[in-house]
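# Breakdown of the fold
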Amino acid sequence: MSMQNPVFIPGPTNIPEEIRKACDVPTLDHRSPRFAQMFKPALAGVRRVLNMEAGEVIILPATGTGGWEAAITNTLSPGDRILAPRYGMFSHRWIDMCQRHRLDVQVLDVPWGQGAPLAKIEAALRRDGDHSIQAVLVTHNETATGVRSDIAAVRRALDAAAHPALLFVDGVSSIGSMPFDMTGWGVDIAVAGSQKGFMLPAGLAILGVSPKALAAMERAKLPRTFFDFKDMLAAYAAGGYPYTPAVGLISGLARSVEMLEEEGLEAVYARHHRLAEATRQAVAAWNMRPCAVNRDLYSDTVTAVVVPEGCDGTELVRLAASKYGVAFGVGLGELAGKVFRIGHLGMLTDVMLLSGLATAEMCMADLGWKIRLGSGVAAAQEYLRQTQSERLATAA
Ligand SMILES: *Cc1c(COP(=O)(O)O)cnc(C)c1O
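Residues numbered from 1 in each chain as written. Predicted model: local features only at pLDDT ≥ 70, side-chain atom pairs only at ≥ 80, totals over all residues. Heavy atoms only, no water.

Across the interface, helix 3 (residues 64-75) lies against helix 4 (residues 89-100) with an axial gap of 10 Å and an inter-helix angle of 45°. Of the possible angle classes, the one that applies to helix 3 and helix 4 is oblique. In this structure, helix 3 meets helix 4 at a crossing whose hand is right-handed. Mapping the contact onto sequence places T65, W68, E69 and I72 in helix 3 and F90, R93, W94, M97 and C98 in helix 4. Looking at the contact of helix 3 with helix 4 residue by residue, the class counts come to six nonpolar, one polar and two charged. (Axes fitted to C-alpha atoms, helices over the stretch in contact; angles between N-to-C directions. Helix = DSSP H or I, 4+ residues; strand = E, 2+ residues; numbered from the N terminus. Parallel < 35°, antiparallel > 145°, perpendicular 65-115°, else oblique. Left-handed = near helix turned anticlockwise from the far one by under 90°. Contact = heavy atoms within 4.5 Å. Nonpolar A, V, L, I, M, F, W, Y, C, P; charged D, E, K, R; others polar.)

The structure is reproduced here in structure tokens:
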């Protein structure tokens, strides 16, 4: 008997049974036309999820972190200047990777809980009169803090400064769950991973690469072999891969984009928003608050809940795992102990979410925190009762 509970970490996410089945494929020759038949719909589907017209989708056997590395090594050269705001653990780790690759990173530090600092980005670009900054790196959804930044506004900052830098966006915990507009926002590289919005096991880095980023590749001197876009694109042209692809995951990815489109991307985004809003209703009823400092920044995929003085968020996460077999996310870096994170992305229903909120409350009560059992659940129940699920509405 399976005693598996849903997970409430912000990735990896719960895997729908249909996607697990789609990943389970017999060995096939990846140089045969059967592989191309499986691969092409996955590529085309990702292109639609990214809302990407021109450019190329690249799918690497890696994770989101490998996607970051592929983005920078294919387009930049040692010593290149880049501009990167830092407002959480994931934006920090991307910056750290750039520094290890000997890039000259101008870091814009912002208190955690805030988003991409638009005025500071624009000012830094205006000061860069000779256009030595080659790329701006922004994390769309900072998974450590539950903050969504406004990428359209970052694009406007670049345009207002008339700066030609490339715009790279980490969309690992947003793509497939929140609206993403690669073309409209003028994103040059978007990075996603298989195990979050795409509801797959970990193992694929999924990238959208603009024509401008492909042109930058010709000049880029950072070393790359396994992640070389050029090798990948040459192999694509021949219907294949430069090495052995993760065939099972690619088969699963084709099914994943089908499922997202069967539900309808707009309905998927509305579902995430509604579940996130229900979570925030519960948080307010607990007399707690999200780490994100204002509503405009609230993430629809993860809520970092700031715990009361004297409480330890990590203790709650440990207890939830050991006593109830339920996974929440711990606070990362400077937020360790100060928050716990509720992931609400991927395959998630009202009922699943309510079970997670109820479990969090049991842990709080067990730890002696001052909350009333059922208070957050009731607030979420009210919100969910009163708002229509688009999925059920369209099915009816
Ligand atoms: C999960 C995550 C990553 C790292 O992805 P891996 O697949 O674990 O390498 C990067 N950025 C963000 C915003 C994430 O949420």
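Okay, the side chain of N14 next. In this structure, N14 sits in the segment before helix 1 (17-23). Overall, the relative accessible area of 10% leaves N14 in the buried class. A polar atom in the side chain of N14 sits 2.8 Å from the backbone nitrogen of V7. Residues within four places of N14 in sequence aside, it is in contact with P6, V7, M199, M347, L348 and M352. (Buried < 20%, exposed > 50% of the residue type's maximum accessible area, 1.4 Å probe, protein only. Polar contact = N/O pair within 3.5 Å; in protein donor to acceptor, adjacent residues only side chain to side chain.)

Right, let's get into the site of the ligand. Taken together, 13 residues surround the ligand, and among them T63, T65, T143, D170 and K196 come closest. Within the contact set of the ligand, an oxygen atom lies 2.5 Å away from a side-chain nitrogen or oxygen of T65. The contact in question runs from an oxygen atom of the ligand to an N or O atom on the side chain of Q195, over 2.7 Å. For the ligand, the accessible surface in isolation is 380 Å², of which the surrounding protein chains cover 89%. Taken together, the residues of the shell around the ligand sort by class into three nonpolar, eight polar and two charged. (Near = heavy atom within 4 Å. Areas by Shrake-Rupley, 256 points an atom, 1.4 Å probe, with all protein chains shown as cover.)

Take the sheet that holds strand 2 (residues 81-86) next. Sheet architecture is open: seven strands sit in the order 1-9-8-7-4-2-3, paired in mixed fashion. Edge positions in the sheet fall to strand 1 (56-61) and strand 3 (104-109), since each has one partner strand and no second. Shown here is a sheet whose adjacent strand axes are inclined to one another by a mean of 20°, direction ignored. Sheet topology places strand 2 next to strand 4 (residues 133-139); three bridges connect them, and they run parallel. Bridging from a neighbouring strand, I82 pairs with A135 of strand 4. Helix 5 (residues 118-127) rests against strand 2, strand 3 and strand 4 of the sheet, and its axis sits at about 145° to strand 3. Against the sheet, helix 6 (residues 151-160) touches strand 4 and strand 7 (166-170), its axis set at about 165° to strand 7. (Pairing = 2+ DSSP bridges.)

Now for the domain arrangement of the protein. Its domain assignment divides the protein into domain 1 (17-261) and domain 2 (264-395). Taking the mean C-alpha position of each, domain 1 and domain 2 sit 28 Å from one another. Contacts between the two partners involve 26 residues from domain 1 and, on the opposite side, 24 residues from domain 2. Summed over both sides, the interface between domain 1 and domain 2 buries roughly 2100 Å², with carbon and sulfur atoms accounting for 63% of that surface. Looking at the side of domain 1 facing domain 2, the largest losses of area belong to W112, R148 and S177, adding up to 25% of the total buried there. Scanning the region where domain 1 abuts domain 2 turns up one salt bridge. Among the salt bridges present, the one from R148 reaches D300, with a minimum N-O distance of 3.6 Å. Counting every contact that joins domain 1 to domain 2 gives nine residue pairs in polar contact (both at pLDDT 80 or more). (Domains from an automatic or database assignment. Buried area = accessible area lost by both parts, 1.4 Å probe. Salt bridge = Lys/Arg side-chain N within 4 Å of Asp/Glu carboxyl O.)

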